[in-house]
Amino acid sequence: MSKATNYTARLPDANGFIQYPQNEHDIWQELYSRQLVNLPGRACQAYMDGLDRLALPSDRIPQLNEIDAVLQQTTGWKTAAVPALISFGKFFELLANKSFPVATFIRSREELDYLQEPDIFHEVFGHCPLLTNPSFAHFSHLYGKLGLAASKQDRVFLARLYWFTVEFGVIRGNNDLSIYGGGILSSPGETEFVMGDEPEIRPFDLVDVMRTPYRIDIMQPIYYAINDICELDKIAEMDIMGAVNKAKQLGLFEATYPAKAG
């Protein structure tokens, strides 16, 4: 949802089928096989269960109707093929209608470890397994409805909530750390980074999350941990827009990362 993209999404034909060249299937296969090794013991159980339900192909980019068949049956969600970048308004509208946007391109080999834009591996492998989970699906739906009704200024604060949950959220239960954020789960580099000693893991606090600045082009210095995936249900019941107003009054925390050059 930023201003520039280096990628062009592939368009479906009249039957909804998207044709990908073999070299792009090869990239999917490499990413998939790497993460299948990286994720056990790191990804949360709800994600691993969802990955089993989706039964994604390991050797090719899946077609969206294959994913929809499982999501519709489990939580009533579906995917929506989108260009490389969409507006905040379109993004919130899709979530509010239980449609998860999937950009139909895959990253280049040069950006294999970390990508600033959401590609089909990020969206499908990173997020769709958890959309089979009722708590995650409900939180995503409510978030879409809130965002759709929010002002442009308030959406900036809501974006931080999404960033530190759906994208880069972690779980700390019984002192064990596990991952549920799709931005981590789809990044081989960040999957290992988050488990190391360098980042700071903070307990989840709704207002604090909305006051925390972030950069999209670096490994995250701060992550916020919930206790269990079901905690997303409790967050969904909170006065989220009230928290937005409080965060606006208090202002942002000082950034813990260097300013972007240029």
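Calculation rules
- The numbers attached to residues start from 1 for each chain and follow its sequence in the written order.
- Given that this is a predicted model, residues contribute local features only at a pLDDT of at least 70 and side-chain atom pairs are listed and counted only at 80 or more, while totals for whole chains, interfaces and linings are drawn from all residues.
- Side-chain measures were taken over the full set of non-hydrogen atoms in the model, leaving aside hydrogen atoms and water.
- Note on definitions: the grid is 1 Å and covers protein atoms alone; a cavity is a set of points where a 1.4 Å probe fits but cannot get out; a pocket is an open set with protein on both sides within 12 Å along at least five of seven lines; lining residues have an atom within 4 Å of a point.
- Grid points are joined across faces, edges and corners, and a volume is the space filled by probe spheres set on the points.
- Strands are runs of DSSP state E lasting at least 2 residues, helices are runs of H or I lasting at least 4, and numbering of each runs from the N terminus.
- For this scheme, ten residues count as nonpolar: Ala, Val, Leu, Ile, Met, Phe, Trp, Tyr, Cys and Pro. Four count as charged, namely Asp, Glu, Lys and Arg, and the remainder, Gly too, count as polar.
- The buried label applies to any residue whose accessible area, calculated with a 1.4 Å probe on protein chains only, is under 20% of its type's maximum; exposed applies above 50%, and partly exposed to all values in between.
- Pairs of residues are marked as contacts when any of their non-hydrogen atoms sit within 4.5 Å.
- Nonpolar core, defined: a set of buried Ala, Val, Leu, Ile, Met, Phe, Trp, Tyr and Cys residues in which side-chain atoms within 4.5 Å join the residues together.
- Charge convention: Lys and Arg are scored as positive, Asp and Glu as negative, and His as well as the terminal groups of each chain are ignored.
- In the sections that follow, a salt bridge refers to a side-chain nitrogen of Lys or Arg positioned within 4 Å of a carboxyl oxygen of Asp or Glu.
- Pairs of N or O atoms are called polar contacts if they sit within 3.5 Å, as long as, within protein, a hydrogen donor faces a hydrogen acceptor (for residues adjacent in sequence, only side-chain-to-side-chain pairs).
- Note: two strands are recorded as paired if DSSP finds a minimum of 2 bridges between them.
- Axes here refer to lines fitted to C-alpha atoms; in helices the fit is confined to the stretch in contact. Angles between the N-to-C directions go from 0 to 180 degrees.
- Oblique is the label for any angle not covered by the other classes, which are roughly parallel (under 35 degrees), roughly antiparallel (over 145) and roughly perpendicular (65 to 115).
- Handedness of each helix crossing follows the sense of rotation of the near helix against the far helix: counterclockwise by less than a right angle gives left-handed, clockwise gives right-handed.

Moving on, we get to the layout of surface pockets. Volume-wise, the second largest pocket comes out at about 250 Å³. Looking at the second largest pocket, it is lined by 17 residues, and the ones nearest its centre are Ala-43, Cys-44, Gln-45, Ile-171 and Ser-178. At the level of elements, helix H2 (45-54), strand S3 (170-173) and strand S4 (176-179) are the ones that each hand at least two residues to the lining of the second largest pocket. Its residues placed into classes, the lining of the second largest pocket shows eight nonpolar, six polar and three charged.

A word on H2. Every buried residue of H2 is listed here: Ala-46, Tyr-47, Met-48, Gly-50, Leu-51 and Leu-54. Contacts from the buried residues of H2 go to helix H1 (22-38), helix H3 (64-74), helix H5 (120-127) and helix H8 (182-185).

Within the largest apolar cluster, 87 residues are counted, with the highest numbers of intra-cluster contacts made by Tyr-47, Leu-56, Leu-161, Tyr-180 and Met-210. Of the residues forming this core, the biggest block, seven residues, is contributed by helix H7 (residues 152-167). Other than its neighbours up to four places away in sequence, Tyr-47 contacts Leu-39, Phe-125, Gly-126, Pro-129, Leu-130 and Leu-185.

Tracing the backbone through its elements, the reader meets Ile-201 in strand S5 (residues 200-203). With near-sequence residues (within four places) excluded, Ile-201 lies in contact with Val-170, Arg-172, Leu-177, Val-194, Tyr-223 and Ala-225.

Within the secondary structure layout, Arg-211 lies in the loop between helix H10 (206-210) and strand S6 (222-226). Salt bridges are absent for the buried Arg-211, whose nearest opposite-charge side chain, Asp-208, sits at 4.5 Å. From its side chain, Arg-211 meets the backbone oxygen of Gly-251 in a polar contact 2.6 Å long. With residues near it in sequence (within four places) discarded, Arg-211 still touches Ala-247, Leu-250, Gly-251, Leu-252 and Phe-253.

Looking at chain direction, S3 and S4 are connected through four bridges and run antiparallel. Looking across to S4, one finds that Gly-173 is bridged to Asp-176. Judged from the two bridges that link them, S3 and S6 form a sheet pairing that is parallel. Its bridge partner being in S6, Ile-171 is matched across the sheet by Ile-226.

This part is about the packing of helix H4 (residues 88-96) against H7. Remark: H4 packs on H7, axes separated minimally by 12 Å, with the N-to-C direction vectors making an angle of 55 degrees. Relative to H7, the element H4 lies oblique. When you trace H4 past H7, the crossing you get is left-handed. For the pair H4 and H7, the contacting residues are Phe-88, Gly-89, Phe-91, Phe-92 and Leu-95 in the first and Arg-155, Ala-159 and Tyr-162 in the second. Taken together, the residues that form the contact of H4 with H7 break down as six nonpolar, one polar and one charged.

Packing of helix H6 (residues 134-149) against H7 leaves a shortest axis separation of 10 Å and a crossing angle of 165 degrees. In terms of orientation, H6 and H7 fall into the roughly antiparallel class. For the pair H6 and H7, the sense of crossing is left-handed. Contacts between H6 and H7 involve Phe-136, Phe-139, Ser-140, Tyr-143, Leu-146, Gly-147 and Leu-148 from the former and Arg-155, Leu-158, Ala-159, Leu-161, Tyr-162, Thr-165 and Val-166 from the latter. A breakdown of the residues in the contact of H6 with H7 according to their chemical character gives 10 nonpolar, three polar and one charged.

Across the sheet, four strands lie side by side as S4-S3-S6-S5; this open sheet has mixed pairing. Only two strands of the sheet have a single neighbouring strand rather than two, namely S4 and S5. Each adjacent strand pair in this sheet contributes to an overall mean axis angle of 40 degrees, direction not counted.

Note that Asp-197 resides in the loop between helix H9 (188-193) and S5. Placed 106 residues apart in sequence, Asp-197 and Phe-91 show a C-alpha to C-alpha distance of 34 Å.

Here we take up the pattern of salt bridges. When charged atoms on two side chains of opposite charge get close, those side chains can pair. All told, the structure shown has eight salt bridges when counted by the stated rule. When the shortest N-O distance is used, the salt bridge between Lys-248 and Asp-154 registers 2.6 Å. In this pair, Lys-248 sits in helix H12 (residues 240-250) while Asp-154 sits in helix H7, placing the two residues 94 residues apart along the sequence. Its relative accessible area of 29% is what places Lys-248 among the partly exposed residues. For Asp-154, a relative accessible area of 11% translates into the label buried. Of the charged contacts, one joins Arg-215 and Asp-217 as a salt bridge, the two residues approaching to 2.9 Å between their closest N and O atoms. In this structure Arg-215 comes out as buried when scored by relative accessible area, which is 15%.

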